Amino acid sequence: MSREIYPKYPPDLSEAQLDYLLTSIKDWSIANGLAVRPVPSFVSKDQDPAGSLAVTAPVTIFPSLFPRSCFEQGLGIQTAYNELYAAIASDEPWLKQIVEELAEVDDFIAELWKVYLTVKEEGIVQDITLGLFRSDYMVHLDPMETDAKPTIKQVEFNTIASSFGGLSSKVSEMHNYLLSTDAYPHESASVIKPSSLERSKSIPLLAAGLAKGHNAYGKPKTENPLCVIFVVQDLERNVFDQRHLEYMLLARQGVRSFRVKFDSVMAHTRLDEKRNLLYTPPHAPKQTWEVSVVYFRAGYAPSDYNGKADWDSRLHIERSSAIKCPSILTHLAGSKKVQQVLATPHSPHLARFLQDKEQAAAVHKTFAPIYPMDTSEAGQEARKLAQDPETATRYVLKPQREGGGNNVYRKAIPEFLKQEPESHWPAHILMEMIEPPALTNSILRNGEVQQGGVIGELGVYGVCLWRLKKDAQGLDQIFENYQAGYLLRTKGDQSEEGGVAAGFGAVDSCCLVDV
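Residues numbered from 1 in each chain as written. Predicted model: local features only at pLDDT ≥ 70, side-chain atom pairs only at ≥ 80, totals over all residues. Heavy atoms only, no water.

Draft legend 1. Representation of the overall build of the protein chain in the model. For the protein chain, the helix and strand inventory stands at 16 helices and 21 strands. Taking 2.2 N^0.38 as the reference for a compact globule, 515 residues should give roughly 24 Å; the C-alpha atoms of the protein chain span a radius of gyration of 23 Å, in line with that estimate. For the protein chain, the spread of C-alpha atoms along the three principal axes comes to 65 × 55 × 45 Å. Across the 515 residues that make up the protein chain, the buried fraction comes to 58%. Treating the 53 positive side-chain charges of the protein chain as one cloud and the 65 negative ones as another, the clouds have centres 5 Å apart. (Helix = DSSP H or I, 4+ residues; strand = E, 2+ residues; numbered from the N terminus. Rg over C-alpha atoms; globule rule 2.2 N^0.38 Å. Buried < 20%, exposed > 50% of the residue type's maximum accessible area, 1.4 Å probe, protein only. Lys, Arg positive; Asp, Glu negative; His and termini not counted. Charge placed at Lys NZ, Arg CZ, Asp CG, Glu CD.)

Draft legend 2. Examining the pattern of salt bridges more closely. With the rule as written, the count across this model stands at 21 salt bridges. Here E122 makes a salt bridge to R319, at a shortest N to O gap of 2.4 Å. Separated by 197 residues along the polypeptide, E122 in helix α5 (residues 107-122) and R319 in helix α10 (residues 308-319) bring together distant segments of the chain. Residue classification places E122 among the partly exposed positions, given a relative accessible area of 38%. Within the structure, one salt-bridge network assembled from shared partners comprises R134, D136, E457 and R489. (Salt bridge = Lys/Arg side-chain N within 4 Å of Asp/Glu carboxyl O.)

Draft legend 3. Inspection of the pairing of strand β16 (residues 428-432) at higher detail. Counting buried residues in β16 gives four out of five residues, a clear majority hidden from the surface. Looking at chain direction, strand β13 (residues 370-372) and β16 are connected through three bridges and run antiparallel. Note that in β16 the partner of P372 across the bridge is I429. Sheet topology note: the strand β14 (residues 395-399)/β16 ladder contains five bridges and is antiparallel. (Pairing = 2+ DSSP bridges.)

Draft legend 4. Structural detail: empty space enclosed by the protein. Inspection of the entire model under this criterion finds four cavities of 30 Å³ or more. Residue lining of the largest cavity: 17 residues in total, with I124, Q126, E318, S327 and L468 positioned closest to the centre. Contributions of two or more residues to the lining of the largest cavity are made by α5, β5 (128-140), α11 (328-333) and β18 (448-468). Element by element, the count of residues in the lining of the largest cavity is highest for α11, at three residues. Residue composition of the lining of the largest cavity, grouped by class: 10 nonpolar, four polar and three charged. (1 Å grid on protein atoms, 1.4 Å probe; cavity = no way out; pocket = protein on both sides within 12 Å on 5 of 7 lines; lining within 4 Å. Points joined across faces, edges and corners; volume = space filled by probe spheres on them. Nonpolar A, V, L, I, M, F, W, Y, C, P; charged D, E, K, R; others polar.)

Draft legend 5. Examining the state of the cysteines more closely. Enumeration according to the criterion identifies zero disulfides in this entry. Here C70 is not disulfide-linked; the sulfur of C510 is the nearest cysteine sulfur, at 10 Å. (Disulfide = S-S within 2.5 Å.)

Draft legend 6. Broad picture of the packing of helix α4 (residues 92-103) against α5. Where α4 meets α5, the axes come as close as 9 Å, and the angle between the chain directions of the two elements is 140 degrees. When the interaxial angle is binned, α4 and α5 end up oblique. Where α4 crosses over α5, the handedness of that crossing is left-handed. In contact with E92, K96, V99, E100, L102 and A103 of α4, α5 contributes I109, A110, W113, Y116 and K120. Considering only residue class, the contact of α4 with α5 consists of seven nonpolar, no polar and four charged. (Axes fitted to C-alpha atoms, helices over the stretch in contact; angles between N-to-C directions. Parallel < 35°, antiparallel > 145°, perpendicular 65-115°, else oblique. Left-handed = near helix turned anticlockwise from the far one by under 90°. Contact = heavy atoms within 4.5 Å.)

Draft legend 7. Seen up close, helix α15 (residues 377-387). Along α15, the residues that are buried comprise G379, A382, R383, L385 and A386. One side of α15 holds all its buried residues, which, seen down the axis, span an arc of 165 degrees. Facing away from the buried side of α15 by over 90 degrees, the exposed positions are E377 and K384. Close packing links the buried residues of α15 with β13, β14, α16 (412-419) and β16. (Arc of directions from axis to C-beta.)

Draft legend 8. Molecular detail of the packing of aromatic side chains. Across all of its chains, the model carries 18 aromatic pairs by this definition. Look at Y81 and F157: their rings are 5.6 Å apart centre to centre, the planes differ by 25 degrees, and that puts the pair in the stacked class. Residue Y81 is located in helix α3 (residues 78-89), and its partner F157 is located in strand β6 (residues 151-158); the two are separated by 76 residues in the primary sequence. Of the two residues, Y81 and F157, neither departs from the other in class, the shared state being buried. With 4.8 Å between their ring centres and 80 degrees between their planes, W94 and F353 make a pair best called edge-to-face. (Phe/Tyr/Trp six-rings, centres within 6.5 Å; stacked < 30°, edge-to-face > 60°.)

Draft legend 9. Summary view of the layout of surface pockets. Reported here for the second largest pocket is a volume of approximately 750 Å³. Secondary-structure elements contributing two or more residues to the lining of the second largest pocket are α8 (239-253) and β8 (257-261). Classifying every residue of the lining of the second largest pocket by side-chain character gives 16 nonpolar, six polar and nine charged.

Draft legend 10. Examining unusual backbone geometry more closely. Here Y9 and P10 are connected by a cis peptide whose omega angle stands at -5 degrees. If you trace the backbone, P10 turns up in the segment before α1 (15-32). Here C325 and P326 are connected by a cis peptide whose omega angle stands at 5 degrees. Looking at where P326 falls in the secondary structure, it is placed in the loop between β12 (323-325) and α11. Backbone geometry places A161, a non-glycine residue, at a positive phi of 50 degrees. Relative to the helices and strands, A161 resides in the loop between β6 and α6 (165-180). Overall, the relative accessible area of 15% leaves A161 in the buried class. The phi torsion at R410 lies on the positive side, around 45 degrees, for a residue other than glycine. Structurally, R410 can be placed in the loop between β15 (408-409) and α16.

Now the structure itself:
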(Lines give C-alpha, C1' and ligand atoms only; values in the text may rest on other atoms or scores of the structure.)
Protein backbone atom coordinates (compact mmCIF):
# COMPACT_ATOMS: atom_id res chain seq x y z
CA MET A 1 0.00 0.00 0.00
CA SER A 2 1.54 3.32 -1.06
CA ARG A 3 1.91 5.90 1.67
CA GLU A 4 0.32 9.32 1.36
CA ILE A 5 2.44 12.45 1.71
CA TYR A 6 0.67 14.83 -0.67
CA PRO A 7 -2.38 17.06 -0.12
CA LYS A 8 -5.69 15.97 -1.68
CA TYR A 9 -5.19 16.47 -5.42
CA PRO A 10 -6.30 17.03 -8.11
CA PRO A 11 -9.64 18.75 -7.38
CA ASP A 12 -12.91 17.22 -8.49
CA LEU A 13 -14.25 18.67 -11.74
CA SER A 14 -17.77 19.36 -12.89
CA GLU A 15 -18.72 18.18 -16.36
CA ALA A 16 -18.43 21.76 -17.66
CA GLN A 17 -14.97 22.23 -16.08
CA LEU A 18 -13.67 18.97 -17.53
CA ASP A 19 -15.07 19.80 -20.97
CA TYR A 20 -13.37 23.22 -20.91
CA LEU A 21 -10.05 21.70 -19.84
CA LEU A 22 -10.13 18.96 -22.50
CA THR A 23 -11.02 21.43 -25.27
CA SER A 24 -8.18 23.71 -24.19
CA ILE A 25 -5.69 20.84 -24.01
CA LYS A 26 -6.60 19.36 -27.40
CA ASP A 27 -6.51 22.71 -29.20
CA TRP A 28 -3.36 24.01 -27.50
CA SER A 29 -1.46 20.76 -28.03
CA ILE A 30 -2.08 20.59 -31.77
CA ALA A 31 -1.46 24.31 -32.24
CA ASN A 32 1.88 24.03 -30.40
CA GLY A 33 3.18 20.62 -31.49
CA LEU A 34 2.46 18.63 -28.33
CA ALA A 35 1.52 15.79 -30.66
CA VAL A 36 2.28 12.32 -31.99
CA ARG A 37 1.23 10.31 -35.01
CA PRO A 38 -1.77 8.17 -33.99
CA VAL A 39 -1.45 4.47 -33.22
CA PRO A 40 -3.20 2.17 -35.75
CA SER A 41 -5.65 1.06 -33.06
CA PHE A 42 -6.89 4.66 -32.79
CA VAL A 43 -6.66 5.76 -36.44
CA SER A 44 -6.39 2.90 -38.92
CA LYS A 45 -4.18 2.97 -42.01
CA ASP A 46 -7.34 2.95 -44.15
CA GLN A 47 -8.44 6.18 -42.48
CA ASP A 48 -4.97 7.78 -42.84
CA PRO A 49 -3.22 6.11 -45.81
CA ALA A 50 -0.76 9.00 -46.25
CA GLY A 51 0.24 9.05 -42.57
CA SER A 52 -0.52 12.76 -42.37
CA LEU A 53 -2.67 12.94 -39.23
CA ALA A 54 -1.54 13.98 -35.77
CA VAL A 55 -3.20 13.67 -32.37
CA THR A 56 -2.56 15.10 -28.94
CA ALA A 57 0.30 13.24 -27.25
CA PRO A 58 -0.73 11.29 -24.14
CA VAL A 59 -0.70 14.02 -21.46
CA THR A 60 -1.79 14.56 -17.90
CA ILE A 61 -4.64 17.00 -17.42
CA PHE A 62 -3.04 18.45 -14.29
CA PRO A 63 0.68 18.83 -13.54
CA SER A 64 1.59 16.08 -11.07
CA LEU A 65 2.73 16.77 -7.53
CA PHE A 66 6.43 16.21 -6.98
CA PRO A 67 8.56 16.91 -3.88
CA ARG A 68 10.61 20.06 -4.40
CA SER A 69 13.61 18.57 -2.57
CA CYS A 70 13.60 15.51 -4.85
CA PHE A 71 13.32 17.66 -7.96
CA GLU A 72 16.29 19.78 -6.91
CA GLN A 73 18.23 16.63 -6.03
CA GLY A 74 17.70 15.18 -9.53
CA LEU A 75 18.65 18.34 -11.41
CA GLY A 76 21.59 19.06 -9.12
CA ILE A 77 23.24 15.67 -9.64
CA GLN A 78 23.05 15.59 -13.45
CA THR A 79 26.46 17.07 -14.24
CA ALA A 80 28.07 14.45 -11.98
CA TYR A 81 26.20 11.72 -13.86
CA ASN A 82 27.30 13.23 -17.18
CA GLU A 83 30.92 13.11 -16.04
CA LEU A 84 30.50 9.56 -14.73
CA TYR A 85 29.20 8.14 -18.00
CA ALA A 86 31.65 10.11 -20.14
CA ALA A 87 34.42 8.53 -18.06
CA ILE A 88 32.93 5.03 -18.37
CA ALA A 89 32.54 5.39 -22.15
CA SER A 90 36.18 6.52 -22.34
CA ASP A 91 37.59 3.54 -20.41
CA GLU A 92 37.61 0.77 -22.97
CA PRO A 93 39.61 -1.74 -20.84
CA TRP A 94 37.06 -1.49 -17.99
CA LEU A 95 34.05 -1.57 -20.29
CA LYS A 96 35.52 -4.47 -22.24
CA GLN A 97 35.30 -6.80 -19.21
CA ILE A 98 31.59 -6.12 -18.83
CA VAL A 99 30.74 -6.20 -22.52
CA GLU A 100 32.58 -9.43 -23.24
CA GLU A 101 30.73 -11.13 -20.37
CA LEU A 102 27.41 -9.88 -21.74
CA ALA A 103 28.31 -10.76 -25.32
CA GLU A 104 28.29 -14.46 -24.38
CA VAL A 105 24.56 -14.31 -23.61
CA ASP A 106 23.32 -11.26 -25.55
CA ASP A 107 23.68 -11.23 -29.34
CA PHE A 108 22.80 -7.54 -29.65
CA ILE A 109 25.56 -6.47 -27.26
CA ALA A 110 27.93 -8.82 -29.08
CA GLU A 111 27.18 -7.19 -32.45
CA LEU A 112 27.67 -3.68 -31.07
CA TRP A 113 31.03 -4.73 -29.65
CA LYS A 114 32.05 -6.18 -33.03
CA VAL A 115 31.34 -2.81 -34.64
CA TYR A 116 33.59 -1.09 -32.12
CA LEU A 117 36.43 -3.61 -32.55
CA THR A 118 36.28 -3.28 -36.33
CA VAL A 119 36.60 0.50 -36.13
CA LYS A 120 39.35 0.28 -33.52
CA GLU A 121 41.38 -2.06 -35.72
CA GLU A 122 41.01 0.29 -38.67
CA GLY A 123 41.80 3.31 -36.54
CA ILE A 124 39.42 5.73 -34.81
CA VAL A 125 39.34 9.02 -36.73
CA GLN A 126 37.03 10.97 -34.39
CA ASP A 127 38.00 11.25 -30.74
CA ILE A 128 35.19 13.63 -29.71
CA THR A 129 31.88 12.23 -28.47
CA LEU A 130 28.58 13.96 -27.76
CA GLY A 131 26.10 12.68 -25.21
CA LEU A 132 22.49 13.83 -24.93
CA PHE A 133 21.70 11.84 -21.80
CA ARG A 134 18.67 11.32 -19.58
CA SER A 135 18.79 9.98 -16.05
CA ASP A 136 15.42 8.61 -14.85
CA TYR A 137 14.28 8.56 -11.22
CA MET A 138 11.28 7.76 -9.08
CA VAL A 139 10.42 9.19 -5.68
CA HIS A 140 11.12 6.57 -3.01
CA LEU A 141 9.71 6.24 0.51
CA ASP A 142 11.43 3.52 2.48
CA PRO A 143 8.55 1.21 3.55
CA MET A 144 10.61 0.06 6.55
CA GLU A 145 10.75 3.57 8.06
CA THR A 146 7.50 5.16 9.26
CA ASP A 147 8.99 8.67 9.23
CA ALA A 148 11.06 8.26 6.05
CA LYS A 149 11.61 11.39 3.98
CA PRO A 150 11.15 11.17 0.20
CA THR A 151 14.27 10.82 -1.90
CA ILE A 152 14.92 9.84 -5.50
CA LYS A 153 16.21 6.49 -6.71
CA GLN A 154 17.52 5.96 -10.21
CA VAL A 155 15.51 3.75 -12.55
CA GLU A 156 18.03 3.84 -15.41
CA PHE A 157 20.50 6.03 -17.28
CA ASN A 158 19.88 6.52 -21.00
CA THR A 159 22.86 7.17 -23.26
CA ILE A 160 21.15 6.82 -26.66
CA ALA A 161 17.95 8.25 -28.19
CA SER A 162 16.91 9.95 -24.94
CA SER A 163 13.49 10.99 -26.14
CA PHE A 164 10.76 13.48 -25.23
CA GLY A 165 13.01 16.49 -24.74
CA GLY A 166 10.78 18.30 -27.24
CA LEU A 167 7.46 17.29 -25.76
CA SER A 168 8.62 17.86 -22.18
CA SER A 169 9.10 21.56 -22.89
CA LYS A 170 5.70 21.73 -24.55
CA VAL A 171 3.73 20.00 -21.79
CA SER A 172 5.17 22.31 -19.13
CA GLU A 173 4.21 25.27 -21.35
CA MET A 174 0.71 23.84 -21.69
CA HIS A 175 0.19 23.41 -17.95
CA ASN A 176 1.39 26.98 -17.40
CA TYR A 177 -1.02 28.17 -20.11
CA LEU A 178 -3.94 26.36 -18.47
CA LEU A 179 -3.08 27.98 -15.15
CA SER A 180 -2.80 31.45 -16.69
CA THR A 181 -6.23 31.15 -18.35
CA ASP A 182 -7.96 29.99 -15.14
CA ALA A 183 -8.73 26.60 -16.69
CA TYR A 184 -7.98 24.96 -13.35
CA PRO A 185 -10.69 25.37 -10.67
CA HIS A 186 -10.00 27.91 -7.93
CA GLU A 187 -9.97 25.12 -5.31
CA SER A 188 -6.53 24.12 -6.62
CA ALA A 189 -5.03 27.62 -6.28
CA SER A 190 -3.26 26.77 -3.03
CA VAL A 191 -1.34 24.00 -4.80
CA ILE A 192 -1.05 24.97 -8.48
CA LYS A 193 0.74 28.33 -8.44
CA PRO A 194 3.10 29.97 -10.95
CA SER A 195 5.96 29.47 -8.48
CA SER A 196 5.25 25.74 -8.25
CA LEU A 197 5.10 25.00 -11.99
CA GLU A 198 8.64 24.38 -13.14
CA ARG A 199 9.15 24.96 -16.86
CA SER A 200 11.41 22.60 -18.77
CA LYS A 201 13.86 24.27 -21.15
CA SER A 202 14.94 21.01 -22.75
CA ILE A 203 14.27 22.10 -26.36
CA PRO A 204 16.74 25.01 -26.46
CA LEU A 205 19.24 23.28 -24.16
CA LEU A 206 19.37 20.00 -26.12
CA ALA A 207 19.48 21.87 -29.44
CA ALA A 208 22.37 23.91 -28.04
CA GLY A 209 24.11 20.63 -27.21
CA LEU A 210 23.86 19.49 -30.82
CA ALA A 211 25.23 22.88 -31.88
CA LYS A 212 28.15 22.47 -29.43
CA GLY A 213 29.02 19.19 -31.15
CA HIS A 214 28.63 20.79 -34.59
CA ASN A 215 31.01 23.61 -33.62
CA ALA A 216 33.51 21.20 -32.04
CA TYR A 217 33.76 19.38 -35.37
CA GLY A 218 35.46 22.48 -36.74
CA LYS A 219 35.60 23.73 -40.30
CA PRO A 220 34.53 21.54 -43.24
CA LYS A 221 37.19 19.08 -44.38
CA THR A 222 35.74 19.15 -47.89
CA GLU A 223 34.31 21.82 -50.18
CA ASN A 224 30.80 21.01 -48.92
CA PRO A 225 28.79 22.83 -46.22
CA LEU A 226 28.27 21.21 -42.82
CA CYS A 227 25.09 19.68 -41.46
CA VAL A 228 23.76 17.49 -38.65
CA ILE A 229 21.81 14.35 -39.48
CA PHE A 230 19.13 12.76 -37.32
CA VAL A 231 19.12 8.98 -37.88
CA VAL A 232 15.48 8.01 -37.36
CA GLN A 233 13.17 5.02 -37.47
CA ASP A 234 10.78 4.39 -40.33
CA LEU A 235 7.17 5.37 -39.57
CA GLU A 236 8.28 7.32 -36.50
CA ARG A 237 5.23 8.22 -34.40
CA ASN A 238 7.19 10.51 -32.10
CA VAL A 239 8.31 12.73 -34.97
CA PHE A 240 7.21 16.08 -33.48
CA ASP A 241 9.33 15.57 -30.38
CA GLN A 242 12.35 15.32 -32.69
CA ARG A 243 11.22 18.13 -34.98
CA HIS A 244 11.23 20.63 -32.13
CA LEU A 245 14.98 20.05 -31.72
CA GLU A 246 15.55 20.32 -35.48
CA TYR A 247 13.63 23.59 -35.73
CA MET A 248 15.38 25.10 -32.70
CA LEU A 249 18.77 23.99 -34.01
CA LEU A 250 18.20 26.04 -37.15
CA ALA A 251 16.30 28.98 -35.66
CA ARG A 252 18.57 29.68 -32.71
CA GLN A 253 21.88 28.05 -33.71
CA GLY A 254 21.79 28.46 -37.50
CA VAL A 255 22.65 24.78 -38.05
CA ARG A 256 21.02 22.80 -40.87
CA SER A 257 19.87 19.28 -40.13
CA PHE A 258 18.37 16.43 -42.14
CA ARG A 259 16.42 13.32 -41.22
CA VAL A 260 17.80 10.04 -42.56
CA LYS A 261 15.98 6.76 -41.99
CA PHE A 262 18.22 4.12 -40.49
CA ASP A 263 17.62 1.74 -43.38
CA SER A 264 18.49 4.52 -45.89
CA VAL A 265 21.88 5.48 -44.46
CA MET A 266 23.91 3.53 -47.05
CA ALA A 267 21.78 4.81 -49.92
CA HIS A 268 22.25 8.50 -49.16
CA THR A 269 25.64 8.80 -47.45
CA ARG A 270 29.18 7.87 -48.39
CA LEU A 271 32.67 8.09 -46.95
CA ASP A 272 35.50 9.79 -48.82
CA GLU A 273 39.10 8.60 -48.63
CA LYS A 274 39.60 10.40 -45.29
CA ARG A 275 36.37 8.93 -43.94
CA ASN A 276 34.49 12.21 -43.95
CA LEU A 277 30.77 11.43 -43.97
CA LEU A 278 29.01 12.99 -46.96
CA TYR A 279 25.24 13.21 -47.32
CA THR A 280 23.31 13.80 -50.54
CA PRO A 281 19.62 14.52 -49.89
CA PRO A 282 17.38 12.50 -52.22
CA HIS A 283 15.21 15.59 -52.75
CA ALA A 284 18.28 17.67 -53.79
CA PRO A 285 20.67 15.26 -55.55
CA LYS A 286 22.94 18.06 -56.82
CA GLN A 287 23.81 19.24 -53.31
CA THR A 288 26.18 17.34 -51.02
CA TRP A 289 26.72 18.09 -47.32
CA GLU A 290 29.51 17.11 -44.95
CA VAL A 291 28.12 15.66 -41.73
CA SER A 292 29.44 17.14 -38.50
CA VAL A 293 27.21 15.25 -36.01
CA VAL A 294 25.14 12.07 -36.28
CA TYR A 295 22.32 12.10 -33.73
CA PHE A 296 20.87 8.60 -33.23
CA ARG A 297 17.13 8.44 -32.66
CA ALA A 298 17.19 4.89 -34.03
CA GLY A 299 19.56 1.95 -33.73
CA TYR A 300 19.16 1.57 -29.98
CA ALA A 301 17.21 -1.71 -29.98
CA PRO A 302 17.52 -5.10 -31.72
CA SER A 303 14.28 -4.43 -33.59
CA ASP A 304 16.07 -1.70 -35.57
CA TYR A 305 18.50 -4.25 -37.02
CA ASN A 306 16.82 -6.51 -39.54
CA GLY A 307 19.94 -7.97 -41.10
CA LYS A 308 23.49 -7.32 -42.22
CA ALA A 309 22.55 -4.13 -44.11
CA ASP A 310 21.50 -2.39 -40.89
CA TRP A 311 24.67 -3.44 -39.09
CA ASP A 312 26.65 -2.20 -42.08
CA SER A 313 24.92 1.17 -41.66
CA ARG A 314 25.94 1.40 -38.01
CA LEU A 315 29.53 0.45 -38.87
CA HIS A 316 29.53 2.94 -41.75
CA ILE A 317 28.63 5.80 -39.40
CA GLU A 318 30.98 4.66 -36.64
CA ARG A 319 33.90 4.56 -39.08
CA SER A 320 33.32 8.16 -40.10
CA SER A 321 34.89 11.38 -38.86
CA ALA A 322 31.47 12.74 -37.83
CA ILE A 323 30.91 13.22 -34.10
CA LYS A 324 28.56 10.51 -32.93
CA CYS A 325 25.73 11.10 -30.45
CA PRO A 326 26.38 8.58 -29.06
CA SER A 327 29.42 6.55 -30.06
CA ILE A 328 29.27 2.76 -29.82
CA LEU A 329 31.18 2.80 -26.52
CA THR A 330 28.77 5.37 -25.08
CA HIS A 331 25.83 3.26 -26.27
CA LEU A 332 27.33 0.23 -24.49
CA ALA A 333 27.99 2.26 -21.34
CA GLY A 334 24.23 2.64 -20.99
CA SER A 335 23.63 -1.09 -20.56
CA LYS A 336 21.85 -2.19 -17.40
CA LYS A 337 24.87 -4.30 -16.46
CA VAL A 338 26.97 -1.14 -16.05
CA GLN A 339 24.29 0.31 -13.80
CA GLN A 340 24.30 -2.90 -11.77
CA VAL A 341 28.09 -2.97 -11.41
CA LEU A 342 28.05 0.61 -10.11
CA ALA A 343 25.07 0.12 -7.78
CA THR A 344 25.72 -3.32 -6.30
CA PRO A 345 26.21 -2.78 -2.54
CA HIS A 346 29.87 -2.19 -1.59
CA SER A 347 30.91 -1.82 -5.23
CA PRO A 348 34.31 -0.10 -5.61
CA HIS A 349 33.72 0.98 -9.21
CA LEU A 350 32.03 4.36 -8.69
CA ALA A 351 35.16 5.80 -7.08
CA ARG A 352 37.17 4.80 -10.15
CA PHE A 353 35.28 7.29 -12.31
CA LEU A 354 34.31 10.03 -9.86
CA GLN A 355 37.29 11.06 -7.78
CA ASP A 356 35.36 13.87 -6.07
CA LYS A 357 34.06 12.15 -2.92
CA GLU A 358 31.14 14.55 -2.46
CA GLN A 359 30.01 13.99 -6.05
CA ALA A 360 30.38 10.23 -5.70
CA ALA A 361 28.40 10.22 -2.46
CA ALA A 362 25.59 12.26 -4.01
CA VAL A 363 25.40 9.89 -6.98
CA HIS A 364 25.56 6.82 -4.76
CA LYS A 365 22.63 8.13 -2.72
CA THR A 366 20.41 7.78 -5.80
CA PHE A 367 21.23 4.10 -6.37
CA ALA A 368 18.65 1.43 -5.62
CA PRO A 369 20.20 -1.96 -4.74
CA ILE A 370 20.92 -3.89 -7.95
CA TYR A 371 22.33 -7.39 -8.28
CA PRO A 372 23.78 -9.50 -11.09
CA MET A 373 22.07 -12.70 -12.21
CA ASP A 374 25.34 -14.50 -12.87
CA THR A 375 27.09 -17.23 -10.86
CA SER A 376 29.04 -14.88 -8.59
CA GLU A 377 28.30 -14.82 -4.85
CA ALA A 378 26.04 -11.76 -5.31
CA GLY A 379 24.46 -13.41 -8.35
CA GLN A 380 23.66 -16.62 -6.47
CA GLU A 381 21.93 -14.58 -3.76
CA ALA A 382 19.97 -12.68 -6.44
CA ARG A 383 18.88 -15.94 -8.05
CA LYS A 384 17.44 -17.13 -4.74
CA LEU A 385 15.55 -13.87 -4.29
CA ALA A 386 14.25 -13.93 -7.88
CA GLN A 387 13.03 -17.54 -7.80
CA ASP A 388 11.24 -17.30 -4.45
CA PRO A 389 7.64 -16.08 -5.09
CA GLU A 390 7.60 -14.22 -1.76
CA THR A 391 10.88 -12.30 -2.09
CA ALA A 392 10.47 -11.75 -5.84
CA THR A 393 7.59 -9.34 -5.13
CA ARG A 394 10.18 -6.74 -4.07
CA TYR A 395 12.11 -6.80 -7.37
CA VAL A 396 12.13 -6.06 -11.09
CA LEU A 397 14.15 -8.12 -13.60
CA LYS A 398 15.70 -6.02 -16.40
CA PRO A 399 17.45 -6.99 -19.66
CA GLN A 400 20.08 -4.87 -21.46
CA ARG A 401 17.50 -2.89 -23.45
CA GLU A 402 16.39 0.70 -23.99
CA GLY A 403 12.70 1.65 -24.21
CA GLY A 404 9.64 0.35 -22.40
CA GLY A 405 8.06 -3.10 -22.48
CA ASN A 406 11.12 -5.21 -21.64
CA ASN A 407 11.06 -5.67 -17.86
CA VAL A 408 9.60 -8.47 -15.73
CA TYR A 409 8.00 -7.43 -12.45
CA ARG A 410 7.46 -8.93 -9.03
CA LYS A 411 5.33 -12.12 -9.03
CA ALA A 412 5.98 -12.73 -12.73
CA ILE A 413 9.74 -13.16 -12.21
CA PRO A 414 9.86 -16.79 -10.95
CA GLU A 415 7.69 -18.06 -13.80
CA PHE A 416 9.73 -16.10 -16.34
CA LEU A 417 12.95 -17.65 -15.08
CA LYS A 418 11.42 -21.12 -15.36
CA GLN A 419 10.81 -20.47 -19.07
CA GLU A 420 14.21 -18.80 -19.66
CA PRO A 421 17.31 -21.00 -20.12
CA GLU A 422 19.58 -20.58 -17.11
CA SER A 423 22.45 -19.75 -19.45
CA HIS A 424 20.55 -16.57 -20.40
CA TRP A 425 19.98 -15.35 -16.85
CA PRO A 426 23.25 -13.34 -16.72
CA ALA A 427 21.84 -11.11 -19.49
CA HIS A 428 19.56 -9.60 -16.82
CA ILE A 429 19.98 -7.63 -13.62
CA LEU A 430 17.76 -7.78 -10.53
CA MET A 431 16.75 -4.42 -9.07
CA GLU A 432 14.94 -3.69 -5.84
CA MET A 433 11.60 -2.03 -6.53
CA ILE A 434 11.29 1.67 -5.80
CA GLU A 435 8.29 2.45 -3.58
CA PRO A 436 6.70 5.78 -4.56
CA PRO A 437 4.13 7.67 -2.46
CA ALA A 438 0.45 7.57 -3.40
CA LEU A 439 -0.51 10.01 -6.16
CA THR A 440 -3.57 10.60 -8.33
CA ASN A 441 -4.12 12.40 -11.64
CA SER A 442 -6.01 12.17 -14.92
CA ILE A 443 -4.45 11.18 -18.25
CA LEU A 444 -5.78 12.07 -21.69
CA ARG A 445 -4.86 9.41 -24.27
CA ASN A 446 -6.45 8.91 -27.69
CA GLY A 447 -9.38 11.13 -26.71
CA GLU A 448 -10.18 9.18 -23.56
CA VAL A 449 -9.71 10.31 -19.97
CA GLN A 450 -8.23 7.83 -17.48
CA GLN A 451 -8.44 8.77 -13.81
CA GLY A 452 -6.99 7.26 -10.67
CA GLY A 453 -3.73 6.33 -9.02
CA VAL A 454 -0.55 7.17 -10.94
CA ILE A 455 3.23 6.91 -10.64
CA GLY A 456 5.59 9.62 -11.87
CA GLU A 457 9.10 9.16 -13.25
CA LEU A 458 11.42 12.16 -13.43
CA GLY A 459 13.90 12.23 -16.30
CA VAL A 460 16.71 14.79 -16.13
CA TYR A 461 18.49 15.61 -19.39
CA GLY A 462 22.19 16.26 -19.63
CA VAL A 463 24.57 17.42 -22.35
CA CYS A 464 28.18 16.31 -22.30
CA LEU A 465 30.87 16.78 -24.97
CA TRP A 466 34.25 15.19 -24.39
CA ARG A 467 37.40 13.94 -26.03
CA LEU A 468 38.94 10.50 -25.65
CA LYS A 469 42.56 9.74 -25.12
CA LYS A 470 44.09 7.70 -27.91
CA ASP A 471 42.29 4.38 -28.54
CA ALA A 472 39.72 5.06 -25.79
CA GLN A 473 42.27 4.61 -23.04
CA GLY A 474 40.67 7.26 -20.84
CA LEU A 475 38.93 10.61 -20.72
CA ASP A 476 41.13 13.40 -22.04
CA GLN A 477 38.96 16.52 -21.72
CA ILE A 478 35.34 17.54 -21.11
CA PHE A 479 34.37 20.56 -23.23
CA GLU A 480 30.73 20.90 -22.19
CA ASN A 481 28.79 19.52 -19.23
CA TYR A 482 25.40 20.85 -18.20
CA GLN A 483 21.91 19.89 -17.09
CA ALA A 484 19.39 20.31 -19.92
CA GLY A 485 15.88 20.38 -18.51
CA TYR A 486 13.55 17.65 -17.38
CA LEU A 487 10.75 15.29 -18.35
CA LEU A 488 8.05 13.89 -16.10
CA ARG A 489 6.40 10.70 -17.37
CA THR A 490 3.31 9.54 -15.54
CA LYS A 491 1.54 6.20 -15.82
CA GLY A 492 -1.36 4.47 -14.16
CA ASP A 493 -0.22 2.74 -10.98
CA GLN A 494 -1.42 -0.59 -12.41
CA SER A 495 1.21 -0.29 -15.18
CA GLU A 496 4.76 -1.24 -14.28
CA GLU A 497 6.32 0.07 -17.51
CA GLY A 498 6.92 3.80 -17.99
CA GLY A 499 7.71 4.43 -21.65
CA VAL A 500 5.35 6.91 -23.29
CA ALA A 501 6.17 5.65 -26.79
CA ALA A 502 5.53 2.07 -25.64
CA GLY A 503 1.94 3.10 -24.92
CA PHE A 504 1.95 3.01 -21.14
CA GLY A 505 2.70 6.54 -19.94
CA ALA A 506 1.88 10.18 -20.50
CA VAL A 507 4.06 13.29 -20.66
CA ASP A 508 3.63 15.48 -17.62
CA SER A 509 5.23 18.38 -15.75
CA CYS A 510 6.03 18.98 -12.11
CA CYS A 511 3.91 20.87 -9.62
CA LEU A 512 6.48 21.26 -6.86
CA VAL A 513 5.39 20.87 -3.25
CA ASP A 514 7.20 20.92 0.07
CA VAL A 515 6.49 17.72 1.98
